[in-house]
Amino acid sequence: MKKQLLIAAIAATMGTAAIADVSITGNAKYKYTNADVSGTAGSTNSAAGEVNLIVDGSHGDTKIHVEQEFNMGNTADSAENIHMEDVWMSTKVGDFGVKIGAWDGSTTAITGDIMANSRSATKVYVTTSVADVNLGYWTTPADTDVNDGFTVNTTVSGVKLELKESTNAFTSVRVSGSVAGVALSHENVDSDTAGKDATLSSASYTTKGITLKGDVLTGDTSAALGENDGRFIQYDEGMNGVNNGGGDVTKISQISASMSIAGNTVTLAAAEGVENAGTKNNATKLSVTRALAGGTNLIATYTDAEDDGATTDTETFTAELNVKF
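Residues numbered from 1 in each chain as written. Predicted model: local features only at pLDDT ≥ 70, side-chain atom pairs only at ≥ 80, totals over all residues. Heavy atoms only, no water.

Trainee: Account for the packing of aromatic side chains, with residues named and values stated.
Mentor: According to the stated counting rule, one finds zero aromatic pairs in the structure shown. Looking at Lys-99, its charged tip hangs above the ring of Trp-88, at a distance of 4.5 Å from the centre. Positioned above the aromatic ring of Trp-138 is the side chain of Lys-164, whose terminal nitrogen or guanidinium carbon lies 5.5 Å from the ring centre. (Phe/Tyr/Trp six-rings, centres within 6.5 Å; stacked < 30°, edge-to-face > 60°. Lys NZ or Arg CZ within 6 Å of the ring centre and 35° of its normal.)

Trainee: Explain the layout of surface pockets to me, using residue names and the numbers behind them.
Mentor: Roughly 1200 Å³ of volume is contained in the largest pocket. Contributing to the lining of the largest pocket are 47 residues, with Thr-111, Met-115, Trp-138, Lys-164 and Phe-170 lying nearest its centre. Of all the secondary structure elements, the ones that give two or more residues to the lining of the largest pocket are strand 5 (96-103), strand 6 (120-130), strand 7 (133-139), strand 8 (148-156), strand 9 (159-166) and strand 11 (182-191). Sorting elements by how many residues they give to the lining of the largest pocket places strand 6 first, with six residues. Looking at side-chain class alone, the lining of the largest pocket contains 18 nonpolar, 20 polar and nine charged residues. (1 Å grid on protein atoms, 1.4 Å probe; cavity = no way out; pocket = protein on both sides within 12 Å on 5 of 7 lines; lining within 4 Å. Points joined across faces, edges and corners; volume = space filled by probe spheres on them. Helix = DSSP H or I, 4+ residues; strand = E, 2+ residues; numbered from the N terminus. Nonpolar A, V, L, I, M, F, W, Y, C, P; charged D, E, K, R; others polar.)

Trainee: How would you summarise the nonpolar core if you had to cite specific residues and measurements?
Mentor: Membership of the largest hydrophobic core is limited to twelve residues, which are Ile-114, Ala-169, Phe-170, Val-189, Ala-198, Leu-200, Leu-217, Ala-224, Leu-225, Phe-232, Val-249 and Ile-252. Counting five residues, the second-largest nonpolar core is a separate cluster that includes Ala-269, Ala-271, Ala-283 and Ala-305. (Core = buried A, V, L, I, M, F, W, Y, C linked by side-chain atoms within 4.5 Å. Buried < 20%, exposed > 50% of the residue type's maximum accessible area, 1.4 Å probe, protein only.)

Trainee: Report on the pattern of salt bridges, specifying residues and quantitative values.
Mentor: What the rule picks out here adds up to two salt bridges. The salt bridge involving Glu-162 is made with Arg-174; its shortest N-O contact spans 2.8 Å. A residue pair is termed long-range when its members are at least 10 positions apart, and Glu-162 in strand 9 and Arg-174 in strand 10 (residues 170-179) qualify at twelve residues. By relative accessible area, Glu-162 is classed as buried at 10%. Accessibility expressed as a relative area gives 13% for Arg-174, which makes it buried. A salt bridge links Glu-187 to Arg-174; the nearest nitrogen and oxygen atoms lie 4.0 Å apart. Of this pair, Glu-187 sits in strand 11 while Arg-174 sits in strand 10, and the two are 13 residues apart along the sequence. Overall, Glu-187 belongs to the buried group, its relative accessible area being 2%. Connected through salt bridges with shared partners, the residues Glu-162, Arg-174 and Glu-187 form a single ionic network. (Salt bridge = Lys/Arg side-chain N within 4 Å of Asp/Glu carboxyl O.)

Trainee: Describe the environment of Gly-94, naming the residues involved and giving the relevant values.
Mentor: Within the secondary structure, Gly-94 sits in the loop between strand 4 (82-93) and strand 5. Through-space distance from the C-alpha of Gly-94 to that of Thr-128 is 9.7 Å; in sequence the pair is 34 residues apart.

Trainee: For the side chain of Thr-154, give the residues involved together with the corresponding values.
Mentor: Position of Thr-154 among the secondary structure elements: in strand 8. Accessibility expressed as a relative area gives 16% for Thr-154, which makes it buried. Reaching out from Thr-154, the side chain makes a polar contact with the backbone oxygen of Asp-132 at a distance of 2.8 Å. (Polar contact = N/O pair within 3.5 Å; in protein donor to acceptor, adjacent residues only side chain to side chain.)

Trainee: Summarise the pairing of strand 10; cite the residues concerned and give the values.
Mentor: As paired elements, strand 9 and strand 10 share seven bridges and run antiparallel to each other. Bridging across to strand 10, Lys-160 finds its partner in Ser-176. Connecting the antiparallel pair strand 9 and strand 10 is a turn made up of three residues, with Asn-168 showing a positive phi of about 60°. With ten bridges joining them, strand 10 and strand 11 adopt antiparallel strand pairing. Among the inter-strand pairings, Gly-177 is bridged to a residue of strand 11, identified as Leu-184. (Pairing = 2+ DSSP bridges.)

Trainee: Pulling in residues and values, what's your account of the confidence of the model for the chain?
Mentor: Put simply, the chain has an average pLDDT of 84, and 82% of its residues get 70 or more. Within the model, the stretch residues 2-7 combines pLDDT values under 50 with zero contacts to residues more than four positions away or in other chains. Confidence drops under a pLDDT of 50 for residues 236-246, and excluding neighbours within four residues, the segment shows 34 contacts in the predicted structure. (pLDDT = per-residue confidence, 0-100. Contact = heavy atoms within 4.5 Å.)

Trainee: Go over the environment of Val-124, please, and point to the residues and values.
Mentor: Among the structural elements, Val-124 can be located in strand 6. Residue classification places Val-124 among the partly exposed positions, given a relative accessible area of 23%. Beyond its immediate chain neighbours, meaning those up to four positions away, Val-124 contacts Lys-99, Ile-100, Tyr-137, Trp-138 and Thr-139.

Trainee: Before we move on, could you go through the pairing of strand 7 and cite the residues and values that matter?
Mentor: For strand 6 and strand 7, the ladder comprises seven bridges, and the chain directions are antiparallel. The residue of strand 7 that forms the bridge with Val-124 is Thr-139. The hairpin formed by strand 6 and strand 7 contains two residues between the paired strands, and Ala-131 there has a positive phi angle of roughly 60°. Judged from the six bridges that link them, strand 7 and strand 8 form a sheet pairing that is antiparallel. When the bridges of strand 8 are listed, Asn-134 appears paired with Asn-153.

The following block contains the structure:
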């Protein structure tokens, strides 16, 4: 009996040491869209569904992250409906953090709201800290165009200073902090390519449960503005913007207000885009998010976008069910 207990104890110990921590999370959403364009026959209706699975594993200082996207297309078993997204491994080597794989940049990171976030394969990112300064270096062997660069950031008297240098591509500097409760941020991208310099200035303030925010994005040409994550409403809602086929907008100004009303999160935004020729495109957007039973959120939006250059007015309504697990 003692031998059996000893063997069981040893087996349990070995099993614990050999098994890494693994978690599976994700989200699923279904979105219906109705678009009514002035001057055309009737409106268009469309729907799209998406399921994302995220697998995270860890063993000591080593972490593995895998994301896979499943789109609900016309053909359920089509290979086009299955996409591998971020796939990376991170670990510690002495005082250095090492991350290897493929991932797109965060929209909150420096350059994240000016340039399109691309997912580069075989990327290597090494980080460390010296005193209060955080240092990073990345290289992408498979990318012959922009294959390496470095980041530096620190905080001085409550003001965050950030530098991102990409070899033969750009140098970006961002300063952010808070003054009298107002969060301020200014970023400047100095591109090595003509016509791709850009600046982004932001300010936000919360009072009595209402968050007010203003953003101004300016580029030498439209090629400098590659943001495609929906920060500015005309990128997603039919305006003649950089990422929806227009390709002529060089400046965008936007103000928004967000608040909680009767358990709903309500956001109202207004934006103006200016094209090379001086033509202005205007848009307003109302978004309401409501938490439902079972962890599901209902997100309803209404957008009115006016394209002066094309003399069209597009009204768009969307309803999205989104659940995280």
